[in-house]
Amino acid sequence: MDNPPLRWGLLGTARINRMVIPPLRSSAGNRLLAVASRDLARAKSYAKEWGIERALGSYEALLAAPEIDAVYIPLPNHLHAEWTIRAARAGKHVLCEKPLALTVAEVDAMGAAARESGVVLAEAFMYRHHPQTLKAKELVDSGAIGAVRFVRGTFSFPLTRANDVRLRPEWGGGCLWDVGCYPLSFVRMILNSEPEEVFGWQTTAPSGIDDLFVAQARFPGNVYAQFDSSFRLPHQAYMEIIGDTGSIFVPTPFIPQKAEKIRFSRSDGFQVTLRMPGAELYIGEVEDMADAILLNKAPLISLADSRGNVATISALYESARIGKPVLLK
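Report on the accompanying structure. For every chain, the first residue of its written sequence is number 1, and the numbers climb from 1 along that sequence. Given that this is a predicted model, residues contribute local features only at a pLDDT of at least 70 and side-chain atom pairs are listed and counted only at 80 or more, while totals for whole chains, interfaces and linings are drawn from all residues. With hydrogens and water excluded, all non-hydrogen atoms of the structure serve as input to the side-chain values.

1. Section: the overall build of the protein chain
- Each helix corresponds to a stretch of at least 4 residues labelled H or I by DSSP, and each strand to a stretch of at least 2 residues labelled E; elements are numbered beginning at the N terminus. Of the regular secondary structure elements, the protein chain holds 9 helices and 15 strands.
- The reference for a compact globule is 2.2 Å times residues^0.38; the radius of gyration itself is calculated from the C-alpha atoms. By the compact-globule yardstick of 20 Å for 329 residues, the protein chain fits well, its C-alpha radius of gyration being 20 Å.
- The principal-axis extent of the C-alpha atoms belonging to the protein chain is close to 60 × 45 × 40 Å.
- Relative accessible area decides the class of each residue, using a 1.4 Å probe on protein chains only: under 20% of the type maximum gives buried, over 50% gives exposed, and in between gives partly exposed. For the protein chain, the residues scored as buried account for 53% of the 329 residues in total.
- For the protein chain, the share of sequence-separated contacts (at least 6 apart) that also reach a separation of at least 24 residues comes to 66%.
- With the model as given, the accessible surface of the protein chain reaches about 14,300 Å², and the carbon-plus-sulfur share is 51%.
- Separation between the mean location of the 36 positive side-chain charges and that of the 35 negative ones in the protein chain comes to 3 Å. For this analysis, residues touch if any pair of their heavy atoms sits within 4.5 Å. Accessibility throughout is a Shrake-Rupley quantity obtained with a 1.4 Å probe, and a residue counts as covered only by protein chains that appear here. Counting rule for charge: Lys and Arg are taken as positive, Asp and Glu as negative, and neither His nor the chain ends is counted. Charge positions are represented by NZ for Lys, CZ for Arg, CG for Asp and CD for Glu.

Here is the structure:
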């Protein structure tokens, strides 16, 4: 790449940063330059721990720094829209953690700010860039299992930290926003369409967030999907895609490592286990941003895609609240 590397700043010191820092350093098109915290001492301590060149004592200082080209936003969900819009208006490209926002109106406002400032905005759904995900999509699109009729999956883990931000409903907490967004994203990607109708059930934790959510969705052409997510069940994650002539089973769909397998079978008895090429999980989203900014390529995850996920999650919560199906179209 002939362009100089993008100079990145981390807007906060969240735990998820540790997954993004290594690819920012190993990617030729990117360079990690700074980290910001609302506490300068914390920023300096964090910068020293991770070997980051600059530490800034406010988010505003990071956005005002002319040497920063792009920012990664790992803040709690309720702050995504505010700081993405502020970053865009400051002329910074933005890679924002999932979920991109908590309402469709927020997504639209974020997109408008990015367009007005001429910057790239993308949602950090790391699994979407992994070779395993791309292979599953390729198999479906090639007709390997015929027309898809049903997709099902799960993503759950026991959340035991008492003060975790994901337990705060006013901050966009809840298992559907945190982990249920993954199987929903997977389903929508595979079907390349938006649901027409959804139904959701949830159990509610003492804090008021959903700690178990079960979702059903009907897509165009009477294609159906079902998934669950939870903070109270043991760790489990898989996706299964079932078509007229076969099926695809992905045992580790959302946090794939460097050596994973997809099971592909057909109704004629043919079965094969496909070994996936190795890839660092988070490097794809980082390099995708570099390509979008430096080479003017469209991001893999479009704002329309992110908007669809937020719209569907919002409809599922509404369904769980009223106890009835909700139409999206």
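2. Focus on the pairing of strand S8 (residues 197–204)
- We treat two strands as partners when DSSP finds at least two bridges between them. Pairing geometry for S8 and strand S9 (residues 210–219), over 8 bridges, is antiparallel. The residue bridging Glu197 from the neighbouring strand is Arg218, located in S9.
- From the end of S8 to the start of S9, which pair antiparallel, there are 5 residues, and Gly208 there has a positive phi angle of about 105 degrees.

3. Overview of the sheet that holds strand S3 (residues 54–56)
- On the basis of which strands lie adjacent, the open sheet formed by 6 strands has the order S3-S2-S1-S4-S5-S6 and parallel pairing. Of all strands in the sheet, those with a lone pairing partner are S3 and strand S6 (121–124), marking the two edges. Each strand of the sheet is rotated relative to its neighbour by a mean of 25 degrees, with strand direction disregarded.
- One ladder, built from 3 bridges, connects strand S2 (residues 30–36) with S3; its direction is parallel. Across the sheet, Ala34 pairs through a bridge with Arg54, a residue of S3. The angle between two axes is taken between their N-to-C directions and runs from 0 to 180 degrees, where each axis is a line fitted to C-alpha atoms and a helix contributes only its stretch in contact.

4. A few points about the packing of aromatic side chains
- Here is the rule: rings of Phe, Tyr and Trp (six-membered ring for Trp) pair when centre to centre is within 6.5 Å. Planes less than 30 degrees apart are stacked, more than 60 are edge-to-face, and the remainder are tilted. Considering all chains together, one arrives at 17 aromatic pairs under this definition.
- Taking the centre distance of 6.2 Å and the plane angle of 40 degrees together, the rings of Tyr46 and Trp50 count as tilted. With Tyr46 and Trp50 both in helix H2 (residues 40–50), this residue pair falls 4 residues apart, about one helical turn.
- Overall, Tyr46 belongs to the buried group, its relative accessible area being 8%.
- Between Phe125 and Tyr182, the aromatic rings sit 5.1 Å apart at their centres with planes inclined by 75 degrees, giving edge-to-face as the arrangement. Highlighted residues: Phe125 in the loop between S6 and helix H6 (131–141) and Tyr182 in helix H7 (residues 175–191), separated in sequence by 57 residues.
- The exposure class assigned to Tyr182 is buried, which follows from its relative accessible area of 6%.
- Three or more aromatic residues link up through ring pairs in this structure, and these residues are Phe125, Tyr127, Phe155, Tyr182, Phe186 and Phe254.
- Either the NZ atom of lysine or the CZ atom of arginine qualifies as a charge over a ring when it sits within 6 Å of the ring centre and within 35 degrees of the ring normal. Taking NZ or CZ as reference, Arg86 lies 4.1 Å from the ring centre of Trp83, over its face.

5. As for the pattern of salt bridges
- What counts as a salt bridge is simple: a side-chain nitrogen of Lys or Arg found within 4 Å of a carboxyl oxygen of Asp or Glu. Counted under the stated rule, the structure contains 23 salt bridges.
- For Asp211, the salt bridge is made with Arg232, and the minimal N-O distance between the two is 3.7 Å. Taken together, the positions of Asp211 in strand S9 and Arg232 in the loop between strand S10 (223–230) and strand S11 (236–243) put the pair 21 residues apart, joining distant regions of the chain.
- Under the relative-accessibility criterion, Asp211 is labelled buried at 11%.
- By sharing partners, the salt bridges in this structure join Lys98, Arg161, Asp164, Arg166 and Asp178 into a single network.

6. Points about the layout of surface pockets
- Put plainly, a pocket is an open set of points on a 1 Å grid over the protein atoms alone with protein on both sides within 12 Å along at least five of seven lines, a cavity is a set where a 1.4 Å probe fits but cannot get out, and a lining residue has an atom within 4 Å of a point. Grid points are joined across faces, edges and corners, and a volume is the space filled by probe spheres set on the points. In this structure, the largest pocket encloses a volume near 1,300 Å³.
- As for the largest pocket, its lining consists of 41 residues, and the residues nearest its centre are Ala14, Arg15, Ile16, Arg161 and Arg166.
- Of all the elements, H7 adds the most residues to the lining of the largest pocket, at 3 residues.
- Three classes are used: nonpolar for Ala, Val, Leu, Ile, Met, Phe, Trp, Tyr, Cys and Pro, charged for Asp, Glu, Lys and Arg, and polar for all others, with Gly counted as polar. Classifying every residue of the lining of the largest pocket gives 21 nonpolar, 10 polar and 10 charged.

7. Section: helix H9 (residues 303–322)
- Between the first and last residue of a helix there are one fewer steps than residues, each counted as 1.5 Å, and that sum is the expected span. Between its terminal C-alpha atoms H9 stretches 29 Å, which fits the 28 Å expected from 20 residues at 1.5 Å a residue.
- By the burial criterion, the buried members of H9 are Asp305, Ser306, Gly308, Asn309, Val310, Thr312, Ile313, Ala315, Leu316, Tyr317 and Ser319.
- Two residues or fewer after H9 comes Gly323, characterised by a positive phi angle close to 75 degrees.

8. A short note on the state of the cysteines
- When two cysteine sulfur atoms are found within 2.5 Å, that pair is recorded as a disulfide. Within the structure shown, the criterion is met by 0 disulfides.
- Sulfur of Cys96: no disulfide; nearest cysteine sulfur belongs to Cys181 and is 12 Å away.
- Looking at Cys96, the relative accessible area reads 0%, which means it is buried.
- No disulfide involves Cys175; its sulfur sits 10 Å from that of Cys181, the nearest cysteine.

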